[in-house]
Amino acid sequence: MTQELRNALRSLIGQSCWATIAGAGTGSVVSLYFGDKIPRKKRLTNPHLSPEAQGFDGEYVLFIEESAWRIESSEQVLCSSLSSNDNEGPMLSSLHLLQGKRVLDLTLRTPSLDLAVAFEGGLMLSIFNFHEVCEEMDNYSISNRRDCIIVSTGGVVAESRAL
Amino acid sequence: MRMETPPPEDGVGDESSSSSQRRQLHDAISGQGFDYHEVVDIAQQIKNGTF
């Protein structure tokens, strides 16, 4: 299953991130949209989303759930999963910097399955998974049109993408 | 590292929900500061396919 994860992640290379979704009420959970814009069956009314994210889902979506993460430029750490997720805070402003940037490279570390995503402009998104916790939890997932590959504390699993 | 609003029981966010459903919930509520009951309502709509 790790190979399926690698294949799914590889599909992000060369794709631009066109939306990021995070904010108050959802802690450090983040969605990053890439690839084609797939029309939603029903437009999301969340006023904090861009018009594109309200109307379209991503062909590829990187969804960070139960992980620590960090965004860095080549010169400094811009934010982490513990940063403020207020509208004017460092988390949203840093995520905004990723929008319009292409993915240049990915590094999947084993056996932790920590992930580093290198974007244009010297920006790096690093995801650090939790291990040895009492309950099984999903660290992050990568979805394409058909499947969702999930990295969890119990291993790598796939589920069909049912939106 | 977790949603600030506790995941509703018998709705999206509990262990029976799919990752796609949890993402759908996240994208619907993020930034809005909904209270628990509002999140439960949206989660149940997602779960039963009416959202």
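Calculation criteria
Residues numbered from 1 in each chain as written. Chains lettered and ligands numbered in written order. Predicted model: local features only at pLDDT ≥ 70, side-chain atom pairs only at ≥ 80, totals over all residues. Heavy atoms only, no water. Phe/Tyr/Trp six-rings, centres within 6.5 Å; stacked < 30°, edge-to-face > 60°. Helix = DSSP H or I, 4+ residues; strand = E, 2+ residues; numbered from the N terminus. Buried < 20%, exposed > 50% of the residue type's maximum accessible area, 1.4 Å probe, protein only. Lys NZ or Arg CZ within 6 Å of the ring centre and 35° of its normal. Pairing = 2+ DSSP bridges. Axes fitted to C-alpha atoms, helices over the stretch in contact; angles between N-to-C directions.

1. A look at the packing of aromatic side chains
The description of two aromatic rings rests on the distance between their centres and on the angle between their planes.
Residue and element names in this part refer to chain A.
Here is step 1 of the chain: Throughout the structure, instances matching the rule amount to two aromatic pairs over all chains.
Here is step 2 of the chain: When the centroid spacing of 5.3 Å and the interplanar angle of 75 degrees are considered together, the rings of Trp18 and Tyr33 count as edge-to-face. Here the residue Trp18 occupies a position in strand β1 (residues 17–21), and Tyr33 occupies one in strand β2 (residues 30–39), the gap between them amounting to 15 residues. The exposure classification of Trp18 matches that of Tyr33, with both residues buried.
Here is step 3 of the chain: Geometrically, the ring pair formed by Phe34 and Phe119 is stacked, given 6.3 Å between the ring centres and 20 degrees between the ring planes. In this pair, Phe34 is assigned in strand β2 and Phe119 in strand β7 (residues 115–119), connecting sequence segments 85 residues apart. We note that Phe34, like Phe119, is buried.
Here is step 4 of the chain: When the ring centre of Trp18 is taken as reference, the NZ or CZ atom of Lys37 above it lies at 4.9 Å.

2. Re helix α1 (residues 19–29) of chain B
The periodicity of an α-helix, 3.6 residues per turn, causes residues three or four positions apart to be oriented the same way.
Residue and element names in this part refer to chain B.
Here is step 1 of the chain: Buried residues dominate α1, accounting for ten of its eleven residues.
Here is step 2 of the chain: For α1, the set of buried residues is Ser19, Ser20, Gln21, Arg22, Arg23, Leu25, His26, Asp27, Ala28 and Ile29.
Here is step 3 of the chain: Just downstream of α1, Gly31 is the residue with a positive phi angle, here 90 degrees.

3. Structural notes on the sheet that holds strand β3 (residues 56–64) of chain A
Residues and elements named next belong to chain A.
Here is step 1 of the chain: Strand order in the open sheet formed by six strands is β1-β2-β3-β9-β10-β11, and the pairing between neighbours is antiparallel. Edge positions in the sheet fall to β1 and β11 (155–160), since each has one partner strand and no second. Averaged over neighbouring strand pairs, the angle between their axes works out to 30 degrees when direction is ignored.
Here is step 2 of the chain: Sheet analysis places strand β10 (residues 147–152) next to β11, joined by six bridges and oriented antiparallel. Across the sheet, residue Ser152 finds its bridge partner in β11, namely Gly155.

Purely geometric stuff here, so don't read any function into it on its own.
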